[in-house]
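Residues per chain are reported as follows:
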Amino acid sequence: SENPRQAQDKAHDHARGTASRSAELSVVVPTFNERDNVTVLYRRLEAVLSGIAWEVVFVDDNSPDGTWDVVRALAQRDSRVRCIRRIGRRGLSGACIEGILASSAPYAAVIDADLQHDETQLPKMLSLLASGQADLVVGSRYIEGYKSQGFNKQRAGASALATEVAKKMLRVEIADPMSGFFMVRADRFEQLAPKLSVHGFKILLDLVASANGNLRAVEVPYTFGQRQHGESKLDSMVALDFLGLVLAKFTNDAVSLRFLLFAMVGGIGLVVHLTTLFIALRLFKVPFAEAQASGAIVAMTSNFILNNFLTYRDQRLKGFALLRGLIAFYIVCSVGLLANVGVAFSVYDQEPIWWLAGMAGALMGVVWNYAMSGLFVWRK
Ligand code: GDD
Ligand code: MN
(Lines give C-alpha, C1' and ligand atoms only; values in the text may rest on other atoms or scores of the structure.)
(Ligands and ions follow the chains in the order given, each with its own letter.)
Protein backbone atom coordinates (compact mmCIF):
# COMPACT_ATOMS: atom_id res chain seq x y z
CA SER A 1 0.00 0.00 0.00
CA GLU A 2 1.33 3.32 -1.12
CA ASN A 3 0.80 6.63 0.66
CA PRO A 4 -0.53 9.65 -1.28
CA ARG A 5 2.89 11.27 -1.27
CA GLN A 6 4.51 8.27 -2.94
CA ALA A 7 1.75 8.13 -5.50
CA GLN A 8 2.27 11.80 -6.26
CA ASP A 9 6.03 11.31 -6.68
CA LYS A 10 5.41 8.48 -9.10
CA ALA A 11 3.00 10.59 -11.08
CA HIS A 12 5.64 13.31 -11.27
CA ASP A 13 8.25 10.93 -12.53
CA HIS A 14 5.90 9.71 -15.20
CA ALA A 15 5.03 13.21 -16.25
CA ARG A 16 8.72 14.06 -16.71
CA GLY A 17 9.29 10.81 -18.53
CA THR A 18 11.98 9.80 -16.05
CA ALA A 19 10.10 7.00 -14.40
CA SER A 20 13.21 5.10 -13.47
CA ARG A 21 12.40 2.53 -10.87
CA SER A 22 15.05 2.55 -8.21
CA ALA A 23 16.57 -0.85 -7.76
CA GLU A 24 14.96 -3.36 -5.45
CA LEU A 25 17.89 -5.72 -5.54
CA SER A 26 21.53 -4.74 -5.61
CA VAL A 27 23.92 -7.51 -6.60
CA VAL A 28 27.38 -6.91 -5.17
CA VAL A 29 30.28 -8.61 -6.91
CA PRO A 30 33.75 -8.39 -5.36
CA THR A 31 36.41 -8.73 -8.04
CA PHE A 32 40.12 -9.16 -8.23
CA ASN A 33 41.56 -10.18 -11.60
CA GLU A 34 38.28 -11.38 -13.08
CA ARG A 35 38.29 -9.63 -16.44
CA ASP A 36 37.29 -12.76 -18.35
CA ASN A 37 34.37 -13.50 -16.01
CA VAL A 38 32.54 -10.22 -15.43
CA THR A 39 30.83 -9.94 -18.80
CA VAL A 40 29.54 -13.51 -18.64
CA LEU A 41 28.22 -12.90 -15.13
CA TYR A 42 26.55 -9.66 -16.21
CA ARG A 43 24.76 -11.45 -19.09
CA ARG A 44 23.60 -14.22 -16.78
CA LEU A 45 22.27 -11.70 -14.25
CA GLU A 46 20.46 -9.87 -17.00
CA ALA A 47 18.81 -13.11 -18.11
CA VAL A 48 17.84 -14.43 -14.71
CA LEU A 49 16.70 -11.14 -13.15
CA SER A 50 14.36 -9.97 -15.91
CA GLY A 51 11.21 -8.62 -14.28
CA ILE A 52 13.12 -7.51 -11.18
CA ALA A 53 14.42 -3.97 -10.68
CA TRP A 54 18.06 -4.82 -10.13
CA GLU A 55 21.49 -3.28 -10.31
CA VAL A 56 24.96 -4.72 -10.01
CA VAL A 57 27.82 -3.13 -8.09
CA PHE A 58 31.25 -4.49 -8.90
CA VAL A 59 33.80 -3.70 -6.22
CA ASP A 60 37.22 -4.03 -7.75
CA ASP A 61 40.47 -3.61 -5.85
CA ASN A 62 42.27 -1.99 -8.77
CA SER A 63 42.90 -5.36 -10.45
CA PRO A 64 46.16 -5.49 -12.39
CA ASP A 65 44.29 -7.22 -15.23
CA GLY A 66 42.05 -4.17 -15.58
CA THR A 67 38.76 -5.80 -14.55
CA TRP A 68 37.46 -2.31 -13.69
CA ASP A 69 37.96 -1.27 -17.29
CA VAL A 70 35.81 -4.13 -18.57
CA VAL A 71 33.14 -3.26 -16.00
CA ARG A 72 33.24 0.38 -17.03
CA ALA A 73 32.58 -0.63 -20.63
CA LEU A 74 29.52 -2.59 -19.43
CA ALA A 75 28.38 0.39 -17.37
CA GLN A 76 28.55 2.66 -20.39
CA ARG A 77 25.96 0.52 -22.09
CA ASP A 78 23.77 -0.26 -19.06
CA SER A 79 23.22 2.19 -16.22
CA ARG A 80 22.33 -0.66 -13.87
CA VAL A 81 26.02 -1.51 -13.79
CA ARG A 82 28.33 0.29 -11.34
CA CYS A 83 31.95 -0.09 -10.49
CA ILE A 84 33.64 0.90 -7.27
CA ARG A 85 37.34 0.89 -8.05
CA ARG A 86 39.25 0.86 -4.78
CA ILE A 87 42.84 2.01 -4.86
CA GLY A 88 45.41 0.98 -2.28
CA ARG A 89 43.12 -1.52 -0.57
CA ARG A 90 42.66 -5.26 -0.73
CA GLY A 91 40.20 -7.58 0.88
CA LEU A 92 37.09 -9.53 0.07
CA SER A 93 35.07 -8.69 3.20
CA GLY A 94 35.80 -4.98 2.99
CA ALA A 95 34.86 -4.95 -0.68
CA CYS A 96 31.51 -6.64 0.03
CA ILE A 97 30.71 -4.24 2.88
CA GLU A 98 31.47 -1.22 0.75
CA GLY A 99 29.45 -2.55 -2.15
CA ILE A 100 26.37 -3.27 -0.05
CA LEU A 101 26.51 0.12 1.65
CA ALA A 102 26.88 1.88 -1.69
CA SER A 103 23.34 1.05 -2.74
CA SER A 104 19.93 2.28 -1.69
CA ALA A 105 18.20 -0.93 -2.73
CA PRO A 106 16.32 -2.64 0.12
CA TYR A 107 17.93 -6.01 -0.66
CA ALA A 108 21.54 -6.81 -1.38
CA ALA A 109 23.11 -10.00 -2.66
CA VAL A 110 26.77 -10.94 -2.68
CA ILE A 111 27.99 -13.29 -5.39
CA ASP A 112 31.47 -14.20 -6.61
CA ALA A 113 32.49 -13.04 -10.07
CA ASP A 114 33.97 -16.36 -11.14
CA LEU A 115 30.65 -18.08 -11.88
CA GLN A 116 31.14 -20.68 -9.13
CA HIS A 117 27.96 -19.57 -7.42
CA ASP A 118 24.54 -20.21 -8.92
CA GLU A 119 22.92 -16.96 -9.97
CA THR A 120 19.69 -18.74 -10.93
CA GLN A 121 18.94 -18.94 -7.18
CA LEU A 122 18.70 -15.15 -6.89
CA PRO A 123 14.97 -14.72 -7.68
CA LYS A 124 14.07 -17.39 -5.14
CA MET A 125 16.34 -15.77 -2.55
CA LEU A 126 14.74 -12.40 -3.21
CA SER A 127 11.22 -13.68 -2.80
CA LEU A 128 12.16 -15.27 0.54
CA LEU A 129 13.32 -11.87 1.78
CA ALA A 130 10.59 -9.81 0.15
CA SER A 131 7.85 -11.99 1.63
CA GLY A 132 9.28 -11.24 5.07
CA GLN A 133 10.15 -14.86 5.82
CA ALA A 134 13.79 -14.08 6.46
CA ASP A 135 16.35 -11.31 6.93
CA LEU A 136 19.12 -13.32 5.35
CA VAL A 137 19.19 -16.05 2.71
CA VAL A 138 22.33 -18.12 2.43
CA GLY A 139 23.39 -20.12 -0.59
CA SER A 140 24.52 -23.27 1.20
CA ARG A 141 26.77 -26.07 0.14
CA TYR A 142 26.14 -28.19 3.20
CA ILE A 143 22.48 -28.93 3.29
CA GLU A 144 20.52 -31.51 1.39
CA GLY A 145 20.56 -30.93 -2.30
CA TYR A 146 24.10 -29.62 -2.12
CA LYS A 147 26.52 -30.75 -4.77
CA SER A 148 30.00 -29.50 -5.31
CA GLN A 149 32.25 -29.71 -8.31
CA GLY A 150 34.57 -26.87 -7.40
CA PHE A 151 36.37 -28.16 -4.31
CA ASN A 152 39.29 -30.52 -4.08
CA LYS A 153 39.35 -33.01 -1.21
CA GLN A 154 41.80 -31.06 0.92
CA ARG A 155 39.94 -27.82 0.58
CA ALA A 156 36.62 -29.54 1.26
CA GLY A 157 38.01 -31.12 4.44
CA ALA A 158 39.51 -27.89 5.72
CA SER A 159 36.33 -26.05 4.92
CA ALA A 160 34.17 -28.59 6.77
CA LEU A 161 36.44 -28.51 9.82
CA ALA A 162 36.50 -24.71 9.92
CA THR A 163 32.73 -24.70 9.65
CA GLU A 164 32.40 -27.01 12.64
CA VAL A 165 34.79 -24.94 14.76
CA ALA A 166 32.97 -21.76 13.87
CA LYS A 167 29.58 -23.23 14.65
CA LYS A 168 30.67 -24.50 18.05
CA MET A 169 32.64 -21.47 19.15
CA LEU A 170 30.38 -18.76 17.86
CA ARG A 171 27.07 -20.60 18.22
CA VAL A 172 26.24 -20.01 14.59
CA GLU A 173 23.27 -22.07 13.53
CA ILE A 174 23.46 -22.01 9.76
CA ALA A 175 24.88 -24.97 7.88
CA ASP A 176 27.32 -23.11 5.65
CA PRO A 177 28.54 -19.94 7.41
CA MET A 178 31.58 -19.90 5.09
CA SER A 179 29.48 -19.30 2.03
CA GLY A 180 30.36 -16.34 -0.12
CA PHE A 181 26.88 -16.36 -1.66
CA PHE A 182 24.01 -14.72 0.22
CA MET A 183 21.29 -12.09 0.15
CA VAL A 184 20.39 -9.81 3.02
CA ARG A 185 17.97 -7.06 3.95
CA ALA A 186 19.95 -3.86 3.49
CA ASP A 187 18.54 -2.20 6.62
CA ARG A 188 19.57 -5.11 8.83
CA PHE A 189 22.98 -5.18 7.20
CA GLU A 190 23.42 -1.48 7.77
CA GLN A 191 22.74 -1.91 11.50
CA LEU A 192 25.37 -4.63 11.79
CA ALA A 193 27.96 -3.15 9.44
CA PRO A 194 29.89 -1.19 12.11
CA LYS A 195 30.65 -4.47 13.88
CA LEU A 196 32.06 -6.22 10.82
CA SER A 197 35.72 -6.79 10.10
CA VAL A 198 37.02 -5.64 6.72
CA HIS A 199 39.79 -8.21 6.88
CA GLY A 200 39.66 -11.70 5.50
CA PHE A 201 37.01 -13.60 3.61
CA LYS A 202 34.44 -14.59 6.17
CA ILE A 203 31.92 -11.81 5.92
CA LEU A 204 28.90 -14.07 6.29
CA LEU A 205 30.22 -15.79 9.41
CA ASP A 206 31.04 -12.38 10.81
CA LEU A 207 27.59 -11.08 9.99
CA VAL A 208 25.77 -13.99 11.60
CA ALA A 209 28.04 -14.04 14.67
CA SER A 210 27.67 -10.28 15.11
CA ALA A 211 23.88 -10.51 14.89
CA ASN A 212 23.81 -12.73 17.99
CA GLY A 213 20.84 -14.74 16.82
CA ASN A 214 18.88 -11.66 15.78
CA LEU A 215 18.95 -12.39 12.08
CA ARG A 216 16.39 -14.80 10.72
CA ALA A 217 18.28 -16.93 8.23
CA VAL A 218 17.03 -19.32 5.57
CA GLU A 219 19.27 -21.49 3.43
CA VAL A 220 18.95 -22.54 -0.17
CA PRO A 221 21.12 -25.31 -1.54
CA TYR A 222 23.14 -24.74 -4.67
CA THR A 223 25.86 -26.37 -6.69
CA PHE A 224 29.29 -24.86 -6.14
CA GLY A 225 30.66 -24.91 -9.65
CA GLN A 226 34.09 -24.94 -11.22
CA ARG A 227 35.98 -21.73 -11.86
CA GLN A 228 36.06 -20.95 -15.60
CA HIS A 229 38.79 -18.32 -15.94
CA GLY A 230 41.51 -17.00 -13.64
CA GLU A 231 42.45 -18.45 -10.29
CA SER A 232 41.30 -18.51 -6.67
CA LYS A 233 42.67 -15.83 -4.35
CA LEU A 234 42.08 -17.94 -1.26
CA ASP A 235 45.56 -19.20 -0.42
CA SER A 236 46.53 -21.30 2.60
CA MET A 237 46.79 -18.11 4.65
CA VAL A 238 43.03 -17.77 4.57
CA ALA A 239 42.98 -20.16 7.52
CA LEU A 240 44.74 -17.40 9.46
CA ASP A 241 42.07 -14.87 8.63
CA PHE A 242 39.51 -17.31 9.81
CA LEU A 243 41.34 -17.96 13.06
CA GLY A 244 41.63 -14.23 13.61
CA LEU A 245 37.93 -13.71 13.15
CA VAL A 246 36.98 -16.54 15.52
CA LEU A 247 39.46 -15.25 18.10
CA ALA A 248 38.24 -11.66 17.87
CA LYS A 249 34.56 -12.60 18.03
CA PHE A 250 35.09 -15.14 20.78
CA THR A 251 36.96 -12.68 23.00
CA ASN A 252 34.74 -9.72 22.12
CA ASP A 253 37.60 -8.05 20.27
CA ALA A 254 39.90 -8.17 23.33
CA VAL A 255 42.59 -10.21 21.60
CA SER A 256 43.65 -9.48 18.07
CA LEU A 257 45.27 -12.12 15.93
CA ARG A 258 47.60 -9.49 14.56
CA PHE A 259 49.09 -8.84 17.97
CA LEU A 260 49.42 -12.56 18.69
CA LEU A 261 51.19 -13.09 15.38
CA PHE A 262 53.45 -10.11 16.02
CA ALA A 263 54.38 -11.48 19.45
CA MET A 264 54.93 -14.96 17.98
CA VAL A 265 57.25 -13.53 15.35
CA GLY A 266 59.06 -11.72 18.16
CA GLY A 267 59.54 -15.10 19.89
CA ILE A 268 60.96 -16.57 16.71
CA GLY A 269 63.23 -13.52 16.50
CA LEU A 270 64.68 -14.35 19.90
CA VAL A 271 65.62 -17.82 18.67
CA VAL A 272 67.13 -16.35 15.49
CA HIS A 273 69.09 -13.87 17.58
CA LEU A 274 70.56 -16.50 19.89
CA THR A 275 71.40 -18.80 16.99
CA THR A 276 73.21 -16.02 15.14
CA LEU A 277 75.05 -15.04 18.32
CA PHE A 278 76.14 -18.62 18.87
CA ILE A 279 77.33 -19.08 15.27
CA ALA A 280 79.19 -15.76 15.26
CA LEU A 281 80.93 -16.52 18.55
CA ARG A 282 81.77 -20.17 18.03
CA LEU A 283 82.22 -20.51 14.30
CA PHE A 284 83.53 -17.12 13.29
CA LYS A 285 85.20 -16.19 16.59
CA VAL A 286 83.69 -12.69 16.40
CA PRO A 287 84.11 -10.57 19.57
CA PHE A 288 80.99 -10.55 21.76
CA ALA A 289 79.83 -6.97 21.09
CA GLU A 290 79.96 -7.46 17.31
CA ALA A 291 78.37 -10.90 17.57
CA GLN A 292 75.52 -9.50 19.66
CA ALA A 293 74.99 -6.65 17.19
CA SER A 294 74.90 -9.07 14.24
CA GLY A 295 72.38 -11.20 16.12
CA ALA A 296 70.15 -8.17 16.62
CA ILE A 297 70.35 -7.12 12.97
CA VAL A 298 69.67 -10.61 11.64
CA ALA A 299 66.75 -11.04 14.06
CA MET A 300 65.22 -7.66 13.21
CA THR A 301 65.52 -8.39 9.51
CA SER A 302 63.94 -11.83 9.78
CA ASN A 303 61.19 -10.40 12.01
CA PHE A 304 60.49 -7.77 9.42
CA ILE A 305 60.25 -10.32 6.63
CA LEU A 306 58.02 -12.65 8.68
CA ASN A 307 55.73 -9.83 9.76
CA ASN A 308 55.48 -8.58 6.22
CA PHE A 309 54.61 -12.07 5.06
CA LEU A 310 52.29 -13.12 7.89
CA THR A 311 51.20 -10.47 10.37
CA TYR A 312 50.61 -7.75 7.79
CA ARG A 313 50.02 -9.95 4.78
CA ASP A 314 47.00 -7.83 3.84
CA GLN A 315 49.22 -4.74 3.70
CA ARG A 316 52.36 -6.38 2.37
CA LEU A 317 55.10 -3.89 1.45
CA LYS A 318 56.83 -4.27 -1.89
CA GLY A 319 59.58 -2.57 -3.89
CA PHE A 320 60.75 0.75 -2.53
CA ALA A 321 58.18 0.72 0.26
CA LEU A 322 59.76 -2.53 1.45
CA LEU A 323 63.15 -0.89 1.87
CA ARG A 324 61.63 2.16 3.54
CA GLY A 325 59.66 -0.15 5.85
CA LEU A 326 62.75 -2.15 6.78
CA ILE A 327 64.62 0.98 7.82
CA ALA A 328 61.62 2.25 9.78
CA PHE A 329 61.38 -1.18 11.44
CA TYR A 330 65.06 -1.04 12.49
CA ILE A 331 64.45 2.34 14.08
CA VAL A 332 61.23 1.25 15.79
CA CYS A 333 62.90 -1.88 17.20
CA SER A 334 65.99 0.00 18.38
CA VAL A 335 63.85 2.41 20.37
CA GLY A 336 61.81 -0.61 21.50
CA LEU A 337 64.99 -2.18 22.84
CA LEU A 338 65.74 0.96 24.84
CA ALA A 339 62.19 0.88 26.25
CA ASN A 340 62.63 -2.81 27.00
CA VAL A 341 65.88 -2.32 28.88
CA GLY A 342 64.59 0.79 30.63
CA VAL A 343 61.51 -0.95 31.98
CA ALA A 344 63.48 -4.05 32.96
CA PHE A 345 65.97 -1.89 34.90
CA SER A 346 63.32 0.02 36.78
CA VAL A 347 61.44 -3.18 37.69
CA TYR A 348 64.69 -4.81 38.78
CA ASP A 349 65.45 -1.72 40.85
CA GLN A 350 62.27 -2.18 42.86
CA GLU A 351 62.10 -5.97 42.88
CA PRO A 352 65.38 -7.71 42.09
CA ILE A 353 63.78 -10.77 40.47
CA TRP A 354 65.62 -11.29 37.18
CA TRP A 355 62.87 -13.16 35.29
CA LEU A 356 60.12 -10.74 36.35
CA ALA A 357 62.20 -7.77 35.24
CA GLY A 358 63.12 -9.56 32.02
CA MET A 359 59.51 -10.38 31.23
CA ALA A 360 58.29 -6.87 31.98
CA GLY A 361 60.96 -5.49 29.67
CA ALA A 362 60.14 -7.94 26.90
CA LEU A 363 56.41 -7.18 27.17
CA MET A 364 57.13 -3.45 27.01
CA GLY A 365 59.31 -4.08 23.97
CA VAL A 366 56.74 -6.08 22.04
CA VAL A 367 53.87 -3.70 22.84
CA TRP A 368 56.00 -0.75 21.79
CA ASN A 369 57.20 -2.43 18.60
CA TYR A 370 53.68 -3.47 17.72
CA ALA A 371 52.14 -0.06 18.29
CA MET A 372 54.91 1.80 16.47
CA SER A 373 55.05 -0.67 13.58
CA GLY A 374 51.36 -0.06 12.99
CA LEU A 375 52.03 3.68 12.91
CA PHE A 376 55.28 3.91 10.99
CA VAL A 377 56.01 0.66 9.14
CA TRP A 378 52.78 -0.96 7.96
CA ARG A 379 50.79 2.24 8.21
CA LYS A 380 47.37 2.36 6.61
N1 GDD B 1 37.52 -6.74 -4.36
C2 GDD B 1 38.14 -7.89 -4.04
N3 GDD B 1 39.25 -7.85 -3.25
N4 GDD B 1 37.65 -9.05 -4.48
C5 GDD B 1 38.30 -10.19 -4.15
C6 GDD B 1 39.45 -10.21 -3.35
C7 GDD B 1 39.95 -8.96 -2.89
O8 GDD B 1 40.96 -8.86 -2.20
N9 GDD B 1 39.85 -11.51 -3.20
C10 GDD B 1 38.98 -12.25 -3.88
N11 GDD B 1 38.04 -11.47 -4.47
C12 GDD B 1 36.90 -11.87 -5.29
C13 GDD B 1 37.25 -12.76 -6.46
O14 GDD B 1 37.58 -12.02 -7.60
C15 GDD B 1 35.98 -13.56 -6.62
O16 GDD B 1 35.02 -12.86 -7.36
C17 GDD B 1 35.48 -13.71 -5.21
O18 GDD B 1 36.05 -12.65 -4.47
C19 GDD B 1 35.84 -15.07 -4.57
O20 GDD B 1 37.24 -15.23 -4.62
P21 GDD B 1 37.90 -16.63 -5.04
O22 GDD B 1 39.38 -16.40 -5.04
O23 GDD B 1 37.28 -17.15 -6.28
O24 GDD B 1 37.51 -17.51 -3.78
P25 GDD B 1 37.14 -19.07 -3.73
O26 GDD B 1 36.36 -19.52 -4.90
O27 GDD B 1 38.39 -19.81 -3.43
O28 GDD B 1 36.17 -19.07 -2.45
C29 GDD B 1 34.86 -18.55 -2.55
O30 GDD B 1 33.92 -19.48 -2.31
C31 GDD B 1 33.91 -19.98 -0.98
C32 GDD B 1 32.79 -20.91 -0.88
O33 GDD B 1 31.58 -20.31 -1.24
C34 GDD B 1 34.63 -17.38 -1.61
O35 GDD B 1 33.32 -16.87 -1.87
C36 GDD B 1 34.68 -17.79 -0.17
O37 GDD B 1 34.34 -16.70 0.68
C38 GDD B 1 33.72 -18.89 0.04
O39 GDD B 1 33.88 -19.42 1.34
MN1 MN C 1 36.09 -18.77 -6.66
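Residues numbered from 1 in each chain as written. Chains lettered and ligands numbered in written order. Predicted model: local features only at pLDDT ≥ 70, side-chain atom pairs only at ≥ 80, totals over all residues. Heavy atoms only, no water.

Below, the discussion takes up the coordination of the manganese ion (ligand 2). Coordination of the manganese ion (ligand 2) by the protein comes from Asp114 (OD) and Gln116 (OE1), over a distance range of 1.9 to 2.0 Å. In this structure Asp114 comes out as buried when scored by relative accessible area, which is 4%. (Donors = N, O, S within 2.8 Å, 3.2 Å for Na, K, Ca; no water. Buried < 20%, exposed > 50% of the residue type's maximum accessible area, 1.4 Å probe, protein only.)

In this section: the site of ligand 1. Taken together, 27 residues lie near ligand 1, and Glu34, Asp114, Met178, Arg227 and Lys233 sit nearest. The backbone of Pro30 places a nitrogen or oxygen atom 2.9 Å from an oxygen atom of ligand 1. At 2.7 Å from an oxygen atom of ligand 1 is found a side-chain nitrogen or oxygen belonging to Asp114. At the level of elements, β1 (25-31) and α4 (92-101) are the ones that each hand at least two residues to the shell around ligand 1. (Near = heavy atom within 4 Å. Polar contact = N/O pair within 3.5 Å; in protein donor to acceptor, adjacent residues only side chain to side chain. Helix = DSSP H or I, 4+ residues; strand = E, 2+ residues; numbered from the N terminus.)

It is worth spelling out the nonpolar core at this point. Core analysis: the largest hydrophobic core is formed by 34 residues, its most contacted members being Leu136, Phe182, Phe189, Leu205 and Leu207. For this core, the element with the highest residue contribution is helix α8 (residues 203-211), accounting for 7 residues. Aside from chain neighbours lying at most four places away, what touches Phe189 is Ile97, Ile100, Leu101, Val184, Leu196, Ile203 and Leu207. Within the second largest apolar cluster, 33 residues are counted, among which are Ile111, Leu126, Phe181 and Val220. (Core = buried A, V, L, I, M, F, W, Y, C linked by side-chain atoms within 4.5 Å. Contact = heavy atoms within 4.5 Å.)

With that settled, consider the environment of His229. Position of His229 relative to the elements: it lies in the loop between β9 (223-224) and α9 (238-250). A C-alpha to C-alpha distance of 9.1 Å links His229 and Leu115, two positions 114 residues apart in sequence. Residues in contact with His229, not counting those within four places in the same chain, are Glu34, Asp36 and Asn37.

Burial of strand β4 (residues 107-110) is two-sided: the residues Tyr107 and Ala109 facing one way and the residues Ala108 and Val110 facing the other way are all buried. Two elements, β1 and β4, share 4 bridges in a ladder whose sense is parallel. Bridge pairing links Ser26 to Ala108 in β4. Inspection of the sheet shows β4 paired to strand β7 (residues 182-185) by 4 bridges, in the antiparallel sense. (Pairing = 2+ DSSP bridges.)

Time to look at the side chain of His117. Position of His117 relative to the elements: it lies in the loop between β4 and α5 (122-130). Side-chain polar atoms of His117 contact the backbone nitrogen of Asp112, separated by 3.2 Å. Other than its neighbours up to four places away in sequence, His117 contacts Ile111, Asp112, Gly180, Phe181, Tyr222 and Phe224.

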